[in-house]
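Examining the three-dimensional arrangement
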Amino acid sequence: EGMALPQRTVIPQGKICMDWQQGQRPGVGLFNLGNTCYINVILQCLTHTPPLANYLLSYEHRQSCQQQGFCMMCTMEEHIRKVLCSPASAILPAAVLRDLKFIGEEFEYGRQENAYEFLRCTLSAMQRACLSGHHNLDTSSQETTIIYQIFGGFMKSRVTCLSCQAVVDSYKAFLDVSLDIRAASSLTTVLEDCVTPKELDQKECFRCIKCKKKAAASKKVTVHRAPRVLTLCLERADQRTGTKISKFVEYPEYLDLRPYMSDTAGEPLLCSLYAIVVHSGDTCLEGHFFCYTKASNGLWYKMDDEFVDSCDIHTVLGQQAYLLFYAR
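This write-up is about the structure you can find in this document. The structure presented is a predicted model; accordingly, all values stated were derived computationally and were not measured. (Residues numbered from 1 in each chain as written. Predicted model: local features only at pLDDT ≥ 70, side-chain atom pairs only at ≥ 80, totals over all residues. Heavy atoms only, no water.)

Time to look at the packing of helix 4 (residues 72–85) against helix 7 (residues 115–131). Axis separation between helix 4 and helix 7 bottoms out at 7 Å; the angle between their running directions is 115 degrees. By the angle between their axes, helix 4 is roughly perpendicular relative to helix 7. Contact with helix 4, carried on its side by M72, M73 and M76, involves T122, A125, M126, A129 and C130 of helix 7 and no other residues of that element. Residue composition of the contact of helix 4 with helix 7, grouped by class: 7 nonpolar, 1 polar and no charged. (Axes fitted to C-alpha atoms, helices over the stretch in contact; angles between N-to-C directions. Helix = DSSP H or I, 4+ residues; strand = E, 2+ residues; numbered from the N terminus. Parallel < 35°, antiparallel > 145°, perpendicular 65-115°, else oblique. Contact = heavy atoms within 4.5 Å. Nonpolar A, V, L, I, M, F, W, Y, C, P; charged D, E, K, R; others polar.)

On to the sheet that holds strand 4 (residues 167–174). Read across the sheet, 4 strands follow the order 4-3-9-6 without closing on themselves; strand pairing throughout is antiparallel. Edge positions in the sheet fall to strand 4 and strand 6 (198–199), since each of these pairs with one other strand and no more. In this sheet, strand 9 (residues 217–225) lies alongside strand 6 in antiparallel orientation, the contact comprising 2 bridges. Opposite E199, over in strand 9, you have S218 as the bridge partner. (Pairing = 2+ DSSP bridges.)

Summarising burial for strand 3 (residues 153–161): 7 of the 9 residues are buried, a large majority. Sheet topology places strand 3 next to strand 4; 8 bridges connect them, and they run antiparallel. Across the sheet, residue T160 finds its bridge partner in strand 4, namely V167. Linkage of strand 3 to strand 4, two consecutive antiparallel strands, is achieved through a turn of 5 residues, within which Q165 is found at a positive phi near 70 degrees. Sheet analysis places strand 3 next to strand 9, joined by 8 bridges and oriented antiparallel. Across the sheet, K156 pairs through a bridge with T222, a residue of strand 9. (Buried < 20%, exposed > 50% of the residue type's maximum accessible area, 1.4 Å probe, protein only.)

Taken N-terminus to C-terminus, the directions of helix 1 (residues 37–47) and helix 4 make an angle of 85 degrees; their axes are 10 Å apart at the nearest point. Classed by the angle they form, the pair helix 1 and helix 4 counts as roughly perpendicular. Along its contact with helix 1, which presents L43, Q44, L46 and T47, the element helix 4 presents M76, H79, I80, V83 and L84. In terms of residue class, the contact of helix 1 with helix 4 is built from 6 nonpolar, 3 polar and no charged.

With respect to the helices, strands and loops of the structure, T231 is situated in strand 10 (residues 229–235). Looking at T231, the relative accessible area reads 2%, which means it is buried. When sequence neighbours within four positions are dropped, the list of residues in contact with T231 reads L119, F151, L175, D176, V177, L324 and F325.

On to the nonpolar core. Nonpolar side chains in soluble globular proteins tend to end up buried together. The biggest cluster of nonpolar side chains holds 63 residues, and the ones touching the most others in it are M73, I147 and V277. Sort the elements by how many residues they give to this core and helix 7 lands first, with 11 residues. For V277, the contacting residues outside a window of four places in its chain are V41, I42, C45, A115, F289, F290, C291, A321, Y322, L323 and F325. In terms of nonpolar packing, the next biggest core, distinct from the first, is built from 34 residues, V190, M261, W300 and A321 among them. (Core = buried A, V, L, I, M, F, W, Y, C linked by side-chain atoms within 4.5 Å.)

It is worth spelling out helix 2 (residues 50–57) at this point. The buried fraction of helix 2 is high, at 8 of 8 residues. Burial in helix 2 covers these residues: P50, P51, L52, A53, N54, Y55, L56 and L57. Residues of helix 2 that are buried make contact with helix 1, helix 3 (60–64), helix 4, helix 7, helix 9 (146–151) and strand 10. Positive phi appears at Y59, one or two residues downstream of helix 2, with a value of about 65 degrees.

With that settled, the discussion passes to the state of the cysteines. Note on terminology: a disulfide is the covalent bond linking the sulfur atoms of two cysteines. Applying the stated rule across the entire model yields 0 disulfides. Just so you know, C85 is unpaired, no disulfide at all, and the nearest cysteine sulfur is the one on C74, 17 Å from it. Here C85 falls in the exposed class, since its relative accessible area comes to 51%. As a non-bridged cysteine, C311 has C291 as the owner of its nearest cysteine sulfur, 10 Å distant. (Disulfide = S-S within 2.5 Å.)

Moving on to helix 7. If you check helix 7, its first and last C-alpha atoms are 24 Å apart, about what 17 residues at 1.5 Å a residue would give, namely 24 Å. For helix 7, the buried fraction is high: 13 of the 17 residues fall into the buried class. For helix 7, the N-terminal cap is N114; the gap from its side-chain oxygen to the backbone nitrogen of Y116 is 2.8 Å. After helix 7 finishes, the residue G133 shows a positive phi value of roughly 90 degrees. (Expected span 1.5 Å × (residues − 1). Polar contact = N/O pair within 3.5 Å; in protein donor to acceptor, adjacent residues only side chain to side chain.)

So, about the pattern of salt bridges. Opposite charge on two side chains makes pairing possible when the charged atoms of those side chains draw close. Considering all chains together, one arrives at 11 salt bridges under this definition. Residue K156 pairs with D169 through a salt bridge whose shortest N-O separation is 3.8 Å. Here K156 is found in strand 3, whereas its partner D169 is found in strand 4, with 13 residues between them in sequence. Measuring nitrogen to oxygen at the nearest pair gives 3.9 Å for the salt bridge that ties D238 to R240. If you follow the salt bridges from partner to partner, you end up with E108, R111 and E113 in one network. (Salt bridge = Lys/Arg side-chain N within 4 Å of Asp/Glu carboxyl O.)

See below:
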């Protein structure tokens, strides 16, 4: 369908297991050393991502790791093992804090940072670690790592000429999706708006390959291949004013992705919520991050730095969520 096939596969498809391989109690808390809550919430959400935890706890990566020096995959493996197995009530994510600059050059220890940016940089660092030792890979082959097999999906962008109805399709891989919530009251209305065709403005001149000239066109974006783990960012910073969007946007425990796919006629594609990140504070430049995660015992827990407390799904669904994690 116009998508380039990978010439090589970094990790075979069979390595992914979506269900917890062994029962674990909820992970222990993480100490805050001053403005490190943005790190703690992302580490907790990734630790409680079953396919990632299963893979790292299997030693699969460590046995084949060729990374010289810092390796984010090895760092996460060590961290997840400590969080899920430590007899303490809380631990310090020392290795992550020590190597913060290797994860993202923009992060400065002790300064308030954004949890979403830390998530993106962490996944990028893990991706780089997965590609260590693999040389001259084409882009499609680079998207066969364990990180892309868990978090990666493909968007399809279809531009239609409004004069002759000719279409041009393009595809783009993603590890997360950022959503504009300014005019939305629920996640489903945001997603419905995303897949609704929109006419391109004059700045986005479309040259039709059939008409051989610039023409009016519409653009529709759909999920072409759904990820195993869907990560959504509900944009809380108003890009025009810089103020924080502090409103409740309804989100479901179970999300059917099928209506937002390129092929809407197939079976339901159900995803289950397993983690959320919440930001408290009047502005996006200050405040505090905490999260809710679903442990392997099926129960939900609020994780606020070193404090881990059980809660129910109604509490989870009643938050002003910033990040949402859904697993198929």
